[in-house]
Amino acid sequence: MLGVTSSTYSKRGLSPAKTCLLLSLPLAVLLYMALQEQGGFIVGLRALVAPSFEQVNELLLYYAWWPRLSVALLAGGGLGLAGVLMQQVLRNPLASPTTLGVASGANLALMTTTLLAPGLLVIGREWVALLGGGLAVGLVFLLSWRRGLAPMVVVLSGLVVNLYLGALATALLLFNHEALSGLLIWGAGSLAQNGWDGAAMLWPRLAISCVVAWFLLRPLAVLELDDASAKSLGVSLAYLRFAAMGLAVFITGSIVSVVGIIGFIGLAAPNIVRMAGARKLGSRLLWSTLLGAVLLATTDLVLQQFSGMAATLIPTGAITGALGAPLLMWLIPRLKLQGDRPPKSVNVFVHRHPAPSRLATGLLLALLGATLLGLLVGQGVDGWYLLAPDNWNVMQWRLPRIIAAAASGLMLAIAGTILQRLSANPMASPEVLGISGGCAIALVLGVFLLPAPTNMMLVGVGTLGAFATLLVLVGINRKSGFLPERLLLTGVAISALFDAVRSVMLAGGDPRGQQVIAWLAGSTYYVDITNAVVVGGIAAVLALATLPFTRWLDIMPLGAPTARALGVTLNRARLALLLLVALLTACATLVVGPLSFIGLLAPHMARLVGFSRAGQHLLGAALIGMLLMVLADWVGRQLIFPYEIPAGLVASLIGGAYFMWGLRRL
């Protein structure tokens, strides 16, 4: 069971009331400074109560500044309340509206409705958001139900749901950029207001939610016991969890429908008050609601103070998400996890094919067939046609894409195989480790901040981002011996940071945003023959560099005690393998973007068809990874011709569905 230690805070004499008061001081100072800039405290109060329509500053205060502050307080308080409810129901301190995919589901539902059925928004944006958020959290529950909503499985399910919904949102943006460009700022969490409509919509819904939460207070307190003890008291756990999660989803959907996605608050406020000494549920609900309001309002006022220095508008929700990632990283070493232990199923990699060499030959022939299909078969203005092999005018565009897709599939497959054998978890993938997200952060920053960046400059920047992510992984997990659970949780935090950086960059309205969206989707469109050869060479070198590690990869799935008994120095072995994973994932991410599940799909399929030993598993996964990416690139080019779906996006949609199916079967 996950838990967070709080003895340090108790020794320091902190309490929830003192903590809220201490954190409210910066808010009071910022309020005073902001009102002084608008003419003084008295003028600000008069503008709130009885504004003069002849004074422009009072009109701005009444219709913009005060409504924005009110919405910030309401949204922050609501997210704090929703976070406590989710954490209480799941007994999981990492549960929040963002980590469980509720906010992403609500956002995707609103985007889809805007495109396909805008008339439904007249009924109520919050109901559309509620439906999307409810479906997202329902999917998380479905994926983790067979494991009894185990905290680790819930967190992983929330991560993959977030990634999958993010892939769908990226697809919508890619094909409807002009229609949805106005939603980029709102979707990133904008608190800007043009009147009191947002506050008028939020306060009655949050007031009703607080009353319902108060009625659920005593039943929810029973969830602090184990399930058997709670059932012995006559409590219907299924209905209670459904009611509490439904309330949390309703609160989140209402907030998302007004201000978009606001990260960090629903995770931070409950954990801070818990660490400050709030033990009882009622105390946590009260102080988390107040602290959530204080945190979001303070963040927004700080952002307003510095907004004039930025060239573009920076959404508050993206900033809170960026702040939430370091908080999550800080919490990870303080979580109580099960210790280092042998995996429950040491036979995960035991199934063997009677003739692995024959199976590998069949996969190689399938890869050659897929390559010929991608090179020679396509559509034109007159329909399907077969390209002559000597037609270099067309071949010079297709060949680099095939090479790049195959190379990226090779690297992701090998990285995924190493990670799955390292963690003895067939559902692990490079995306979950966070290396793809760290590399993507560096690349996005490079595109926007470097003057006329070249491909080589972006390669260097992306590699630095991957290594920086590796350093974070090592720093957080070194003392725990690189336990797989903590590594995966660190990946969740890095993914949250990547989402925040991406939202800030895309919300600015920069024309380079379309290029970034295309790259994030995993398009091989911009690869030329020179870059393709370089990528192919790097993939071959890194694949050969994996061979000396096959003995470690054979031993480590057997568990830590067995590995130590056979002479493997676990910390050194894990660190070396993580470094190789970082290199492989970074190089692949540079080509097809960060959002691909080939690192999960290829090694898992290789294991299922019978590649059991490490060397065979690496070979089979590499062949399957190349085959999948080459086919994904061809399908993306042909499915909605003359338009294209990027290969990475095709792979992520297929692989994400497979990942969720696999989680459901765990």
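Treat the numbers as computed from the prediction; the structure is a model and nothing was measured.

A. A look at the overall build of the protein chain. Counting its regular elements, the protein chain contains 30 helices and two strands. Within the span of the protein chain, comprising 666 residues, buried residues form 56% of the whole.

B. Quick look at the packing of helix α4 (residues 56–90) against helix α14 (residues 265–275). Orientation of α4 relative to α14, taken along the N-to-C sense of each, is 70°, at an axis distance of 7 Å. Regarding the angle of α4 to α14, the classification is roughly perpendicular. In terms of crossing hand, the pair formed by α4 and α14 is right-handed. Contact with α4, carried on its side by Gly-76, Leu-79, Gly-80, Gly-83, Val-84 and Gln-87, involves Ile-265, Gly-266, Leu-267, Ala-269, Pro-270, Asn-271 and Arg-274 of α14 and no other residues of that element. Residues that form the contact of α4 with α14 fall into these classes: six nonpolar, six polar and one charged.

C. Quick look at the packing of helix α18 (residues 392–423) against helix α28 (residues 598–609). At a minimum axis distance of 7 Å, the contact between α18 and α28 shows a crossing angle of 70°. Between α18 and α28, the angle is such that the two are roughly perpendicular. Taken together, the residues of α28 that come into contact with α18 (itself represented by Gly-409, Leu-412, Ala-413, Gly-416, Thr-417 and Gln-420) are Ile-598, Gly-599, Leu-600, Ala-602, Pro-603 and His-604. Along the lines of polarity and charge, the residues of the contact of α18 with α28 split into six nonpolar, six polar and no charged.

D. Inspection of the pairing of strand β1 (residues 377–380) at higher detail. Examined bridge by bridge, β1 and strand β2 (residues 383–386) share four bridges and lie antiparallel to one another. Counted as the bridge partner of Gly-378 is Tyr-385 from β2. Connecting the antiparallel pair β1 and β2 is a turn made up of two residues.

E. Just the packing of aromatic side chains, in detail. Inspection of the entire model under this criterion finds six aromatic pairs. Measuring from centroid to centroid gives 4.9 Å for Tyr-62 and Tyr-63, while their planes differ by 90°, and the two rings are edge-to-face. When the centroid spacing of 5.8 Å and the interplanar angle of 40° are considered together, the rings of Trp-127 and Phe-250 count as tilted. One end of the pair, Trp-127, is in helix α7 (residues 125–144); the other, Phe-250, is in helix α13 (residues 237–259), and 123 residues separate them in sequence. Pairwise contacts between aromatic rings join Tyr-62, Tyr-63 and Trp-196 into one cluster.

F. Geometry of the side chain of Ser-96. Tracing the backbone shows Ser-96 in the loop between α4 and α5 (102–116). Setting aside residues no more than four positions away along its own chain, Ser-96 makes contact with Met-86, Gly-266 and Leu-267.

G. Representation of the nonpolar core in the model. Counting 179 residues, the largest nonpolar core has Leu-100, Leu-220 and Ile-418 as the members making the most contacts within it. When neighbours within four sequence positions are excluded, Ile-418 is seen to be in contact with Thr-546, Leu-553, Leu-577, Leu-580, Val-581, Leu-584 and Leu-618. The next biggest cluster of nonpolar side chains, apart from the first, holds eight residues, and it includes Ala-103, Ala-106, Ala-129 and Val-256.

H. Molecular detail of the environment of Pro-97. One can find Pro-97 in the loop between α4 and α5. With a relative accessible area of 3%, Pro-97 lands in the buried category. With 164 residues separating them in the primary sequence, Pro-97 and Ile-261 have C-alpha atoms 9.3 Å apart. Those residues in contact with Pro-97 that lie beyond four places of it in its chain are Leu-79, Ala-82, Gly-83, Met-86, Val-102, Ala-103, Thr-252 and Gly-266.

I. How the structure looks around helix α2 (residues 16–37). End to end, α2 covers 32 Å across 22 residues, agreeing with the expected 32 Å (1.5 Å per residue, within 8%). The largest bend along α2 reaches roughly 30° and is located at Ser-24, with the proline Pro-26 sitting one to four residues downstream. Of all the residues in α2, the buried ones are Pro-16, Thr-19, Cys-20, Leu-27, Leu-30, Ala-34 and Leu-35. Turning to α2, the residues buried within the fold contact α3 (41–49), α4, α14 and α15 (281–306). Looking one or two places after α2, you find Gly-39, whose phi comes out positive at around 120°.

J. Layout of the pattern of salt bridges. Taken as a whole, this structure holds five salt bridges when the rule is applied. Of the charged contacts in the structure, one is a salt bridge between Asp-633 and Arg-401, with a shortest N-O distance of 3.4 Å. In this pair, Asp-633 is assigned in helix α29 (residues 614–638) and Arg-401 in helix α18, connecting sequence segments 232 residues apart. Each member of the pair, Asp-633 as well as Arg-401, carries the same accessibility label: buried. A network of salt bridges, in which partner residues are shared, links Arg-401, Asp-633, Arg-637 and Glu-644.

K. Broad picture of the state of the cysteines. With the rule as written, the count across this model stands at zero disulfides. Among the cysteines around Cys-587, which has no disulfide bond, Cys-439 carries the closest sulfur, lying 8.3 Å off. In this structure Cys-587 comes out as buried when scored by relative accessible area, which is 16%.

L. Representation of the confidence of the model for the protein chain in the model. On average, the protein chain scores 79 in pLDDT, and the residues at 70 or more come to 82%. Put simply, helix α1 (residues 7–11) is where the protein chain has its lowest mean pLDDT, 45, and helix α10 (residues 197–215) is where it has its highest, 92. The low-confidence segment residues 6–11, where pLDDT is below 50, has eight contacts with residues more than four positions distant or belonging to other chains. In the predicted structure, residues 338–349 sits below a pLDDT of 50 and forms 25 contacts with residues beyond four places in sequence or in another chain.

M. Focus on α5. Under the 1.5 Å per step criterion, the end-to-end length of α5 is 21 Å for 15 residues, consistent within 8% with the ideal 21 Å. Most of α5 is tucked away: eleven of the 15 residues are buried. Within α5 the residues assigned to the buried category are Val-102, Ala-103, Ser-104, Gly-105, Ala-106, Asn-107, Leu-108, Ala-109, Leu-110, Met-111 and Thr-113.

N. View of the environment of Ala-34. For Ala-34, the location among the structural elements is in helix α2. Expressed as a C-alpha distance, the spacing of Ala-34 and Gln-305, which sit 271 residues apart in the sequence, is 7.9 Å. Every residue in contact with Ala-34, bar those within four places of it in the chain, is listed here: Trp-65 and Gln-305.

Definitions and cut-offs
- Residues numbered from 1 in each chain as written.
- Predicted model: local features only at pLDDT ≥ 70, side-chain atom pairs only at ≥ 80, totals over all residues.
- Heavy atoms only, no water.
- Helix = DSSP H or I, 4+ residues; strand = E, 2+ residues; numbered from the N terminus.
- Buried < 20%, exposed > 50% of the residue type's maximum accessible area, 1.4 Å probe, protein only.
- Axes fitted to C-alpha atoms, helices over the stretch in contact; angles between N-to-C directions.
- Parallel < 35°, antiparallel > 145°, perpendicular 65-115°, else oblique.
- Left-handed = near helix turned anticlockwise from the far one by under 90°.
- Contact = heavy atoms within 4.5 Å.
- Nonpolar A, V, L, I, M, F, W, Y, C, P; charged D, E, K, R; others polar.
- Pairing = 2+ DSSP bridges.
- Phe/Tyr/Trp six-rings, centres within 6.5 Å; stacked < 30°, edge-to-face > 60°.
- Core = buried A, V, L, I, M, F, W, Y, C linked by side-chain atoms within 4.5 Å.
- Expected span 1.5 Å × (residues − 1).
- Bend = angle between axes of the 7 residues up to and from the residue.
- Salt bridge = Lys/Arg side-chain N within 4 Å of Asp/Glu carboxyl O.
- Disulfide = S-S within 2.5 Å.
- pLDDT = per-residue confidence, 0-100.

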